[in-house]
Amino acid sequence: SAFTFTPSPSFARARSSASTLRMNAESAEVKEIKVGVIGCGRIGLVHLGAITKAPNVKPVIVSNPTVSKAEAAAKQYGVDRFSSDAMDVITDPEVDAVWICSPSQFHADQIKACAANGKHVFCEKPIATDLAETVEAINEMNEAGLKLMIGLQRRFDQNFIRVKKAIIDKEVGDTIMVKLCSRDPAPPPFEYVKGGGGIFNDMAVHDLDMTRFLVGEDPIDILSVGSCHIDKSIEVLDGSEAFDTAACILRYPNGVQAMVDVCRQSSYGYDQRAEVLGTKGMIATDNVYPNTARLFKTDFTGNADMPYDFFLQRYNEAYVTETIAFCESLVNDSPVPCTGEDGLVALIMSIAADKSAAENRWVKFNEIIDQVYCSSPTQCELLIGSDVFPEGFRPVSKPKELLVPDVDSKK
């Protein structure tokens, strides 16, 4: 969670994917973890490639609705079996853990199925787009005593890790202000935006989560605004789906402020930067370029090439690092570095940002949390707009209060 981050040496410095997973050489026997991957699209292949580089972890089955993609992935990475059905991965008796890289609408049901079949899970964000279903899925894993890690890959990017280290080590003193920007090279197609949940859910959620990761506390409230400047065709869509530009201000304990701006188009490449101002100085990151070459001419001085223009290039190392971090957790039975609770809070933050922009006001995060009613840890519903509350309903103010303790916290 945000409160317990302690970077290990392997987590806090740049490292090659082949050497990140270090086993105890004196151990007589190290268990081999066998895994399956659901989804063989772009993200699924990135994770599958990383899994094959991790010592003592072996992929044994992959699935994809278009079975030819699963077959191609299996052939490329030397996986024995492939299927068109995700349940073949989840119910495979050989499989210890499942990587869920399928479309978002399938995540919650697949997590629940993994819990019922005794499988540990790595899941790309979000756990679900619905808050109640998110809580249910996390609690089913926690009640089953299984590990659940959520893919928020920016937490594993070496630039952001270095900023976090500076905060922990007080290199810039006490944190005063955090700034993050996220600007894509080009806007996505209309079909992607429609039904995607809006700019706060499908884009700004990464930056909102990063403010929490860096500050190390849960936020108090948020003020958000949005507008459309790039692709006017999306203005017919509902809510924040009609925005291609947005900004947020967040308030954290001890007066710490965070600011986030996002835009779906940047004419100069993929713009991903962070800045932290402290009482003793400032630390800031630059964009990532394909090389360090600089050009010097009479009319120009600067980088010879533009920054990376695609998120898989920009964050490829981070995707690999987070995959290997979960492998490490499985092999060593150590705590996962990005928990179900982290995924839940990221969703709460994006929902609050959306609500703030829609209602043009500051929104407290506990307003979102106290809408969830759980008659049991795995039976939850939202009480939005309800004037009649179920018998025994007591609103909670912290995400942790909605969750059963996870397997790592019980040790």
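Here the structure is a predicted model, which means the values were calculated and not measured. (Residues numbered from 1 in each chain as written. Predicted model: local features only at pLDDT ≥ 70, side-chain atom pairs only at ≥ 80, totals over all residues. Heavy atoms only, no water.)

## Examining the state of the cysteines
What counts is decided by this rule: Working definition: a disulfide is two cysteine sulfur atoms within 2.5 Å of each other. Only protein chains enter the area calculation, which uses a 1.4 Å probe; residues under 20% of their type maximum are buried, those over 50% are exposed, and those in between are partly exposed.
Taken as a whole, this structure holds 1 disulfide when the rule is applied. The side chain of Cys374 participates in a disulfide bridge whose partner is Cys380; the two sulfur atoms lie 2.1 Å from each other. Judged by the torsion about the S-S bond (105 degrees), the Cys374/Cys380 disulfide is right-handed. The class for Cys380 is buried, based on a relative accessible area of 12%. With no disulfide of its own, Cys40 has Cys101 as its nearest cysteine by sulfur position, at a separation of 8.5 Å. Residue classification places Cys40 among the buried positions, given a relative accessible area of 5%.

## Remarks on the nonpolar core
Selection criterion: Side-chain atoms within 4.5 Å link the members of a nonpolar core, which is a set of buried Ala, Val, Leu, Ile, Met, Phe, Trp, Tyr and Cys residues. Here a helix means four or more residues in a row that DSSP labels H or I, a strand means two or more in a row labelled E, and each is numbered from the N terminus. Contacts: residue pairs with any heavy atoms within 4.5 Å of one another.
Formed by 112 residues in total, the largest nonpolar core has its most connected members in Trp99, Ile111, Phe200, Ile222 and Leu250. Considering each element in turn, this core owes the most residues, 10 residues, to helix 9 (residues 199-215). Leave out the neighbours within four places in its chain, and Ile222 touches Leu208, Cys248, Ile249, Leu250, Met349, Ala352, Ala353, Ser356, Arg361, Trp362, Val363 and Phe365.

## Some details on the environment of Ile176
With respect to the helices and strands, Ile176 occurs in strand 7 (residues 175-183). The exposure class of Ile176 is partly exposed, given its relative accessible area of 36%. A sequence separation of 104 residues divides Ile176 from Lys280, and the C-alpha atoms of the two residues are 10.0 Å apart. The residues touching Ile176, leaving out its near neighbours within four places in the chain, are Gly255, Val256, Gln257, Leu277, Gly278 and Thr279.

## Let's talk about a nonpolar patch on the surface
Counted only if it meets this: In this analysis, a patch consists of residues with relative accessible area above 30% that form no salt bridge, clustered at 9 Å for like charges and at 5 Å for the nonpolar side chains Val, Leu, Ile, Met, Phe, Trp and Tyr. Here the open area of atoms and residues is found with the Shrake-Rupley method and a 1.4 Å probe, where only the protein chains shown may cover a residue. For this document, the term salt bridge refers to a Lys or Arg side-chain nitrogen within 4 Å of an Asp or Glu carboxyl oxygen.
On the surface, Ile176, Leu277 and Met282 cluster together into a nonpolar patch covering about 250 Å² of accessible area. Following the sequence through the fold, Met282 ends up in strand 12 (residues 281-284).

## Structural notes on the pattern of salt bridges
Counting across every chain of the model gives 25 salt bridges. The network of salt bridges with common partners includes Arg155, Asp209, Arg212, Asp218 and Asp342.

## Side note on helix 5 (residues 107-116)
Counting buried positions over the 10 residues of helix 5 gives 8, a clear majority of the element. Within helix 5, burial applies to His107, Ala108, Gln110, Ile111, Lys112, Ala113, Cys114 and Ala115. Buried residues belonging to helix 5 abut strand 1 (33-38), helix 4 (86-90), strand 4 (97-100), strand 5 (120-124), helix 6 (131-143) and strand 6 (148-151). Two residues or fewer after helix 5 comes Gly118, characterised by a positive phi angle close to 70 degrees.

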